[in-house]
Amino acid sequence: MTDADKSAFIMPINEKIKKQIVNLLAKQKIKIIAEDLTIPPSPEMGDLALPCFEIAKIQKKNPAELAEELAAQITPSGLIINLKNIGPYLNFFLDYTRVAEQLFKEIQKKAEKYGQNKQVKGQKVMIEYSQPNTHKEFHVGHLRNVCIGNALVNVYKNCGCKVVAANYIGDSGAHIAKTLWYLQNFVNQTDIAKADNQGEFLGRAYTQAVAAIGDNQDRKYQVAEILQKLENNDPKIIKLWQQTKKWSLDHFQEIYRELKINFDVYYYESEEEKAGKKMLPKLLKYDFIKKSQGAIIADLQKYDLGVLVLIRKDGTALYGIKDIPLAIKKFKKYKLDTSIYVIDNRQAQYLKQIFKILELMGFDKKMIHVTYEFVQLKSGIMSSRTGNVVTYEEVKQAALNKVIKETKQRHPAWPAEKISLASQAIVMAALKFGMLKSNNNKVITFDIEEALDVNGFTGPYLQYSYARLNSIFVKSRKTCAGIDVKLDYKNLAATIEKELVKNLLKYPQIILETKQTNDPSILVHYIYKLAQDFNAFYHELPVIQAEPAVMAVRFELLKSIKQVLTNGMNILGIPILKEM
Ligand code: ARG
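Residue numbering note: each chain is counted from 1, following its sequence as written. Where local features are concerned, this predicted model is filtered to residues with pLDDT of at least 70; where side-chain atom pairs are given and counted, the filter is 80 or more; whole-chain, interface and lining totals use all residues. Side-chain figures throughout are based on the complete set of non-hydrogen atoms in the structure, without hydrogens or water.

K.L.:
Which parts of the structure should I look at to understand the overall build of the protein chain?
P.N.:
Helices and strands together make up the secondary structure of the protein chain, namely 21 helices and 14 strands. In this description, contact between two residues means that some pair of their heavy atoms is separated by no more than 4.5 Å. Within the protein chain, counting contacts between residues at least 6 apart in sequence, those at least 24 apart form 74% of the total. Throughout, the Shrake-Rupley method with a 1.4 Å probe supplies accessible areas, and for residues the shown protein chains are the sole cover considered. Within the structure as shown, the protein chain displays about 27600 Å² of accessible surface, and the carbon and sulfur contribution to it stands at 51%. Just so you know, the count uses Lys and Arg for positive and Asp and Glu for negative, and it drops His and the chain ends. For charged residues, the charge sits on one atom: NZ in Lys, CZ in Arg, CG in Asp, CD in Glu. In the protein chain, the 82 positive side-chain charges and the 63 negative ones have mean positions that sit 4 Å from each other. A run of H or I in DSSP becomes a helix once it reaches four residues, and a run of E becomes a strand once it reaches two; helices and strands are each numbered from the N terminus.

Structure, rendered in structure tokens:
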């Protein structure tokens, strides 16, 4: 066993505390489990509480009386310093001096592993996210998906899962035909050659195509013809499709590189379309899948899920026919326990239909749709169909220009390379935090100025807090070298210090909650509060200027804060800067 492995086996202090409470009650012949304990609504009421209703019922007593009795009988010990009855609850107070000592040890030993759990150890989970469409723009709304998906990949890994990160590229369907139609009819080769980012060029072409097609029946017919040709492997159109598809894919890779995310596997709609069509004879054997006016549909009305058209009258494939073979393929290849789809909530009904179809086919597996709301800018909803869009590239570039200018002003002596790297990291933090700070089911109204505000509820605020924390360590290396005192955790007595210890203690629970809800905003709020409390501490209390015994324990606290900030920011994908 390596040291790192061993460290994973220290009993987490959180568990230890609960176990001690369970034991205190066992001495009174009362059997409870750790999960019975709740967190009181306010800190003055204690750190943990036991609701006495159930036990009182068994003992045929009044819960408030029982709580009072227990409070009088139990002598606090170990990590529990005090207990008090409040109504029908028995509340426990922690001895923060001793908790801090053990907690800091645990955090420093486990380091990047602090917060990890084995709740679902060994389980295999696929998380499909991003799924951009080629021949279309990559707008800010797509970024929300990427940020949620990537954070969930990290959260699930922290819970012991083996995670397969999957992407599913939308390289077939009506949108492709529209863009290709536009390229063929309105764009000359030199324009394409002149474009410096052909992926973006293609995205704009799509928007222009939609506008040009409008309600024009003739043009719609021409687009339908291209779609037919694509599905029938017409060599000329296939060549154009392949050439242009590569432009989009290269552009997406560039974006993923900037965001520092990776996928383990890529699926393509064009391939699943073929697989889906091949499955048709098999599908038609189920009586809920049938021909209707020349089309092929899945009739789910019995289940209140309406009808999903799989194949159009003209024989061309629709979206749904592809998801059926894909779902099966994922489980088969990776022996998954769970398959997660991160897709915006406009497809919630659709996903229910797909899951139902699979269930009716006897494919009874755990599939979860993680939904999220859309992103709007102050000017209104973004849609790549209307052209009222701001692409990822546009927002990023505008932010980058601003941040580079500011960073140069702050650090005139920094070399260009350093300025550029720091600015890029700040912009990424602003974008990612901006996409993760809201509950999945809340619409985001994104404002880049707001997202960059170093004093706001933002990614740069986290980076700034981290850099400030780091600077204390840098300074201390110069001023405090050689000071050696015995650590006495009684010196950690201020309210803000206790608050910080409490927060650090909560981190593993936050990781679990984030996983259970599939909502990274829970972790975002937690990390933000930790940074805020650290800043409050920084303004209130001296560290390097404090007397040596106090300074020493404060450094232990700071080390632990630094570790947890690091762990949390890493999960969220927010780059850390040592200096800002
Ligand atoms: N590319 C699709 C779109 O933009 C999303 C794909 C979602 N994934 C899936 N398995 N259907 O609408």
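K.L.:
Quick question: what am I supposed to make of the side chain of Ser-172 here?
P.N.:
Along the polypeptide, Ser-172 turns up in the loop between β5 (162-169) and α7 (174-186). Polar contacts involving the side chain of Ser-172 include one to the side chain of Glu-273, which spans 2.7 Å. Pairs of N or O atoms are called polar contacts if they sit within 3.5 Å, as long as, within protein, a hydrogen donor faces a hydrogen acceptor (for residues adjacent in sequence, only side-chain-to-side-chain pairs). Separated by 2.8 Å, the side chains of Ser-172 and Lys-322 make a polar contact.

K.L.:
Just checking my understanding: could you explain the packing of aromatic side chains for this structure?
P.N.:
By convention here, two paired aromatic rings are described through the distance between centres and the angle between planes. Two rings belonging to Phe, Tyr or Trp (six-membered ring only in the last case) form a pair when the distance between their centres is within 6.5 Å. Interplanar angles under 30 degrees mark stacking, angles over 60 mark edge-to-face geometry, and anything in between is tilted. Scanning the entire structure with this criterion turns up 20 aromatic pairs. Measuring from centroid to centroid gives 5.4 Å for Phe-331 and Phe-363, while their planes differ by 80 degrees, and the two rings are edge-to-face. Here Phe-331, found in helix α13 (residues 319-334), pairs with Phe-363, found in the loop between α14 (348-360) and β11 (366-370); they are 32 residues apart in sequence, far enough to count as distant. For each residue, the accessible area found with a 1.4 Å probe, counting protein chains only, is set against the maximum for its type, and the residue is called buried under 20%, exposed over 50%, and partly exposed in between. The buried category is assigned to Phe-363, whose relative accessible area is 14%. Every member of this aromatic cluster is reached through a ring pair, and the members are Tyr-129, Tyr-256, Phe-263 and Tyr-266. Just above the ring of Tyr-341 sits the side chain of Lys-330; from NZ or CZ to the centre is 4.1 Å. Only Lys NZ and Arg CZ are tested; either one counts as a charge over a ring when it is within 6 Å of the ring centre and within 35 degrees of the ring normal.

K.L.:
Whenever I open this one, the pattern of salt bridges confuses me. Can you help?
P.N.:
Oppositely charged side chains may form a pair once their charged atoms are brought near each other. The working definition used for a salt bridge is a side-chain nitrogen of Lys or Arg within 4 Å of a carboxyl oxygen of Asp or Glu. Evaluated as defined, the whole model comprises 26 salt bridges. A salt bridge links Glu-128 to Lys-330, with the shortest nitrogen-to-oxygen separation between them at 2.7 Å. Of this pair, Glu-128 sits in strand β4 (residues 124-128) while Lys-330 is found in helix α13, placing the two residues 202 residues apart along the sequence. Per residue, the accessibility class of Glu-128 equals that of Lys-330, and both read buried. The shortest N-O distance in the salt bridge between Glu-497 and Arg-554 comes to 2.7 Å. Taken together, the residues Glu-497 in helix α19 (residues 495-517) and Arg-554 in helix α21 (residues 548-572) connect sequence positions 57 residues apart. Its relative accessible area of 8% is what places Arg-554 among the buried residues. One salt-bridge network, held together by shared partners, links Glu-258, Glu-393 and Lys-396.

K.L.:
In this structure, what is going on with the nonpolar core? I would like to understand it.
P.N.:
Note on soluble globular proteins: their nonpolar side chains tend to be buried together. Residue types Ala, Val, Leu, Ile, Met, Phe, Trp, Tyr and Cys, when buried and joined through side-chain atoms within 4.5 Å, form a set referred to as a nonpolar core. Core analysis: the biggest nonpolar cluster contains 132 residues, and Ile-17, Leu-25, Leu-90, Ile-127, Phe-446, Leu-558 and Ile-561 have the highest contact counts within it. Excluding residues that lie within four positions of it along the chain, Leu-25 makes contacts with Ile-30, Ile-32, Leu-50, Leu-70, Ile-74, Leu-90 and Phe-92. Counting residues in hydrophobic clusters, the runner-up holds 37 residues, among them Leu-305, Ala-317, Ile-324 and Met-367.

K.L.:
Teacher, can you tell me more about the environment of Asp-36 here?
P.N.:
Among the secondary structure elements, Asp-36 is positioned in the loop between α2 (13-26) and β1 (48-51). Along the primary structure Asp-36 and Glu-54 are separated by 18 residues, whereas in three dimensions their C-alpha atoms are 10.0 Å apart. For Asp-36, the contacting residues outside a window of four places in its chain are Ala-49, Leu-50 and Pro-51.

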